[in-house]
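Each chain, letter by letter, is given below.
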Amino acid sequence: MTSNTPQSGVSAQLEHLQARYVGTGHPGTTQHEWATNQHRDSIASYLAHPWMLEYFSVAEGASVGRIKHNLLEKMHRPCGEPPQRQNILKRKIDEISKSSAAQE
Amino acid sequence: MKQGRKFPENRKVQQGGSNPFRRATFFILSSSSPSAVLTRIVSLLPPSLPPFPSRSPVARPAPQPPRLFTMHLYHFTALCSSTPVHLANGSFTLPRQQELVLARAGSLHLYRLHPKTSYLQPLFQTPVFCQIRSLSTFRLPGTRRDYLLLTTDAGAVTILSASAMAFRRVHCEPFGKSGARRTVPAEYAVCEPHGRAAMLAALEKGKLAYVLNRDPDENLTISSPLEAHKSALITHALTSLDVGFDNPVFAALERTYDATSYKVLAYYELDLGLNQVVRKRTARVAAGSNLLLTVPGGTDGPGGVLVCSPGIVAYRNLLDEDDEGRLIALMEDPPDGAQPENECKEPLVVAGTAYHDRKRNAFFFLLSTELGDLIKAELAWEPDRGATKLSLFYFDTLPGPALGMCIFRSGYLAAAIEGSDALLLRFKEVNVPEDNPAGGFSSSTGATLAGKLQFRPSALLCRLTVAEVIDSFGPILGMCKLDGGGVGQSSSLVCTTGKARGGCVRVIRRGMGVLEMSQPNELRAKVTEVFSCKENAESLYHRLIVVSFAKKTKVLEVGDAKLEETVNSGFELNERTLAAGQIGTNSFVQVTRSGVRFVRGGDAKSASEWIPPVPAVVLAGCCNQQQVVVVLSTGAIVNFEVDSKIDWAGSEADEIGAPVIAIPDVPPGRKRSKFFAAGDGVSVKVRIFQILEDGSIEALGLHLAPAPVESIALIDFACIDKEAIISSPFLALVIGTIHGALVRLTVDALTGTLSSKQSHFLGEKPVRVKHVKISGVPTCLLMGSSTWLLFLRGGRATMSPLSTDPMDRAAAFALEQSPDGFAVTYGSRLRLLSLESVSALITSACLPHGLSSTPRKVVRIPRIRKNVSLNAIDDCLPDSSMLDEIVEPRLHSLNGEDDPDLEGTNPYSSVRPSAFETLDTVKMDEADCILTVASFLDFGGDTTGTNRYLVVSVASNMQVSGTAPKLPKRPRSPLDERSSKREETFVLRVYQVDAATERLTFVHKTVVPEAVYCLTAFRDMLLVGIGATLRLYDLGKQQLLRKGEYKLAVRNKISALAISGGDRIFVGDVSDSVTLFKYEPSEPIAANHTRGAAIGRRGGHFVPLAADTVPRWIVTLEVLDYNTVSAGDKFGNIFVLRVPTELGILNGGLSITSASPVDRGRAAINIAPHKLVVEASYHVGSMTGSLVRGSLALQTTKLEKNAGDEALIYSTLSGTIGILAPLRTQHDIDFARALEREMRTRGKHVVDGDLCQAFTGLSPTGREECATALGRSVEDIDKKLEELQSSYV
């Protein structure tokens, strides 16, 4: 496809946006990606507002430094490891075979 | 008879009360008699109650619906946040000065350290109107002053320099979006040690480098930013390396979002020649690394960084390092970074600072752990081999973990401590012996672990001593209001401040703190006037107090330890003294009825006297350092001046009948004061007189006071003893009348015309005004029903009440130990007082001993003045093992010895605020934590008023998810099995407060299915939010009895409850705003029930009326009037929600609109038929801990507070106390809006008063321009601004 068709222009623009602005979604965004992005935004906001850290610190009975550390560590995988597609597929096949076995 | 049961019938009581805000007071429980309490609740119900704010309390015919006015609020900060967020030291105003800059929420403060006197002098502060996210200092090569580099949520990097009086903005370079965002590089900002470059970093992706330089005119220049972005990368810490004068290098702790990524230390080199930033080198570091500290480099040290991770401090220098870092462990576990399970148990280094003595070429580091221990790190190095050994020693223990620290070269440590006051500490010793008992260990190059270190801190602060304490109130979690005792008293706020060991209960009230310097002296006769005299003109301190009685005079002299009466001072003792003072170089003057007596050189024998011509007598007199003016009974005014030869130059003038007279001090550098003022006791005239060159007197301005004049004072605020900050005279005439009014006028220094009149009402008593100099600064004491001090603040005369016993006569009395002292009398008692500080507007008293755990909530126990503070220790700890390891040792070290009573318990204690004595403490189980508490007077229909109850919500074995990363599953040990079996239980415990012993007696407990975060007294029952269920309980014999319930009242969890008018309940959800319910009793309750029958009372049910449409995370609610509620949310907003107009009109017939009984209790979504309307909203910049309604202003009359004199007072987690005051007239709204627009605009229906106040800090031309734009005069605006605040604070 040549680059001067309007569609490719739009997609190029989107790609540019996605590269430039962290968290810009695309049709293939999974639920996990979306949630991870949300959580990272929230954590970044907590870290940037000292009173939020203070609030967590009071609630948990830990120092602000510890809360900060916890949140920063959480930035990496706030929603856990992404689900592996193969695993999902495998599980589904298992389920189907199980249900068919039950039917039999 | 139970008054409370007359609810439905009694609605018409006090219709259209003049003060709805007052009537709706939720603080009902504080009333003295129980029946009065309930009557007041009844009076909340009138349907025609005008809403808040009451702008036109016009009587209307009853059937007409109330007019709902749009609410407009004026927001201002009463007590600025005192919690430091960032701190740094340097020489900002002048070279070689040791100064400390503290960034607090909303303001930037500069202090100067005076090392010899251990005094930290506050220099100035600037409101910043933004949030400072990071702060760093730098000094350009070859200069001797530091600059300040700030990144703020304005999305700009700001460079400030400091002049003697203020910060000056040098550069402000925008680099990104505003707000605290993930990729905007404002989270970290560091400057290169040699001041050549700065790097800013975001939490993710963004990194910018700026080159700092000088132009040929020696001005600071900043380059355009150089990008070093790298996507999908988290930055954990950033610092700069000391590389001498090579290209600047910055070090960052980073981790990418890859699944297999690990934490690395990355070096970024800023190539000054090529003008680019390169990520030069990376190396893997321990997984938990969280902090970097710069190690001096170049010729001063080995360079590189210290990398702190839980339990481990490592020295890394990637520029000349083999792959194996040099590691040293802080605690016993091996420095294997890949152990996330153990990570929580290791103490984390949360803050650190380096001290570098360039002269002796020595450096060391101080690290603060999350427990508050200070660890000293020393790095041995050799110029050719680099670092050879890293040693760590236990150094000392701070009251809490440090937020930031910095070391001054004169041997002081400034530490901002979490949840506690900031401290300036002096080093007693720096060197820690290698074999010290507290332990310490070191690692040579290549060695991974040298030994075990076990900290057993024996006592608090062994190597440091506290030199100065900087008050810090944050976080304020609980707050309640205490009403003042009556006239001349102001309401105060009881706040729980601080955290953990810094926890404290403080009383905050209007007024300046006054210290009593001695026991009161009983003089056995009514004092008519007090004067004080210095030894001579040069002396700083006073020596004599002249006390005048009706027919005699007493002279008291400062003796060795106390005041002693003296008879040979040369003063006439058998007559009443009208005026006395030190005059000329070393003489005294005394004005009596028979004449003017002059004691030359303090020698009693050389006294001379001027006697007025017979038959005249002296009626009044006044004097300053050079002049005496007396008024004779003939009406003549005689003016004396003393020249260097001390001859008398008298002149007679105009006749007036003038029994009050006042003269200002002689302005510096002049021989006489040009003006004096004389008032007429019979009529209301006060006149300004001018003394001409030849000594004759000329009458100038005239003012007619509102009532006969009691006393007058003429003050030249420019007459400051030490320094002349204002060169031009600022003359003020202060008039106190016999009916309690005070009038302030400005006197033109040239023409004597009077202008800018301001009136105040101080109470019913006559107002005595007295000019006193406090520490050489002219002020005026205003003594009426309450005592105030008038002083100059920010170029404006400001009045502030003194929190002290009443006084009626006063004189300045400076002593060496109290340079800002004064002598006051009340009746026949003489007291010596000293002012704590001239600038403080609000003082606080605090509990003498701190609390051992974080105080969460304070509630007032009704009737008897007493407070209960609730302190729950660290209640939501993820598991109890952590409690054992962390909390217990801290308690030991705090108390110095083992105190088994305190271990892991959850005490809450009753505290009496006036005396601050702990009345009772109830200990909870180790696994328990207290969630909330409420107190009652008439619980369970008991109207005797003697039984006060306390209901405490307790959770056992509560599991809180917390912020800690989820740990991977591992096989459970038997110990874990046991702990996991402990189930979460939630109970409501009821205690009775014993009237005689004032102790808490456990009554019974009731198990509830979910955690209860809010409790409130409702009628004579208990309203509880249990999860999403709203439930009503009555007091039973064995447990609480359920009397009404609404399941799924809200979507998630009930987080706050507020009662309006006795039948409406505003229910706040933890994330879904507010829903309004109406309570409908099952049947009208007969009025003549006896107490015994109360057990069988029927309950009622709840009907949802209205809900909000916006998801708001409610933290606290406070009812403003029957239709209106204010709420604070988790993100720093305060807003006001009001019942829609149609509901306000319906009023009595509300139940018609309610859901049918079938729908009741079904679902929490869209249950309410109406929607609440947002009336006002404002972002206050920090989470609101509590909201109360009230005013901190002094009560001036015996009547109830002036109508509508209440405002909304909030406290925040940053330690701010602010006020949202209703703007009452359209005129006020227009003015405030217009002024704010001139300054800048934001918020809905709320005017930013702090911004408006910034008007007073503008330059004269700026003020003039602003005033012109508003079409008002500058004085007019000043006056108006003060009026807006003074009614509330």
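See the structure printed just above.
Residues numbered from 1 in each chain as written. Chains lettered and ligands numbered in written order. Predicted model: local features only at pLDDT ≥ 70, side-chain atom pairs only at ≥ 80, totals over all residues. Heavy atoms only, no water.

1. Description of the interface of chain A and chain B
With 38 residues of chain A at the contact, the number on the chain B side is 57 residues. Both sides together, the interface formed by chain A and chain B hides about 3,900 Å², and carbon and sulfur atoms give 58% of it. Remark: the boundary between chain A and chain B carries 4 salt bridges. Between Lys499(B) and Glu54(A) there is a salt bridge whose closest N-O contact spans 2.7 Å. On the surface where chain A and chain B come into contact, there are 15 residue pairs in polar contact (both at pLDDT 80 or more). Counting residues per element, the side of chain A that touches chain B draws most heavily on helix α4 (residues 64-75) of chain A, at 11 residues. Of the residues that constitute the side of chain A that touches chain B, the class distribution is 18 nonpolar, 10 polar and 10 charged. (Contact = heavy atoms within 4.5 Å. Buried area = accessible area lost by both parts, 1.4 Å probe. Salt bridge = Lys/Arg side-chain N within 4 Å of Asp/Glu carboxyl O. Polar contact = N/O pair within 3.5 Å; in protein donor to acceptor, adjacent residues only side chain to side chain. Helix = DSSP H or I, 4+ residues; strand = E, 2+ residues; numbered from the N terminus. Nonpolar A, V, L, I, M, F, W, Y, C, P; charged D, E, K, R; others polar.)

2. Side note on the pattern of salt bridges
Summed over all chains, the structure comprises 40 salt bridges over all chains. A salt bridge links Arg182(B) to Asp41(A); the shortest N-O distance between them is 2.9 Å. Of this pair, Arg182(B) sits in the loop between β9 (167-174) and β10 (188-191) while Asp41(A) is found in helix α2 (residues 31-48), placing the two residues in two different chains. The exposure class of Asp41(A) is partly exposed, given its relative accessible area of 39%. With a shortest N-O distance of 3.0 Å, Asp146(B) and Arg139(B) are connected by a salt bridge. (Buried < 20%, exposed > 50% of the residue type's maximum accessible area, 1.4 Å probe, protein only.)

3. Some remarks on the side chain of Thr496(B)
Residue and element names in this part refer to chain B. With respect to the secondary-structure elements, threonine 496 resides in strand β33 (residues 492-497). Owing to a relative accessible area of 0%, threonine 496 belongs among the buried residues under this scheme. A distance of 2.9 Å separates a polar side-chain atom of threonine 496 from the backbone nitrogen of glycine 478. Residues contacting threonine 496, with those up to four places away along its chain left out, are Pro475, Ile476, Leu477, Gly478, Cys504, Val505, Pro855, Arg856, Lys857 and Val858.

4. Details of the packing of aromatic side chains
Taken as a whole, this structure holds 17 aromatic pairs over all chains when the rule is applied. Ring geometry for Trp610(B) against Phe640(B): centres 5.0 Å apart, planes inclined by 75 degrees, an arrangement best described as edge-to-face. Residue Trp610(B) is located in strand β44 (residues 607-610), and its partner Phe640(B) is located in strand β47 (residues 636-641); the two are separated by 30 residues in the primary sequence. Ring-pair connections join several aromatic residues into one group, and the members of that group are Tyr355(B), Phe364(B), Phe395(B) and Phe427(B). The ring of Tyr257(B) has Arg40(A) sitting right over it, with the charged end atom 3.3 Å from the ring centre. One Lys or Arg, Arg1112(B), reaches over the ring of Phe1135(B) and ends 4.1 Å from the middle of that ring. (Phe/Tyr/Trp six-rings, centres within 6.5 Å; stacked < 30°, edge-to-face > 60°. Lys NZ or Arg CZ within 6 Å of the ring centre and 35° of its normal.)

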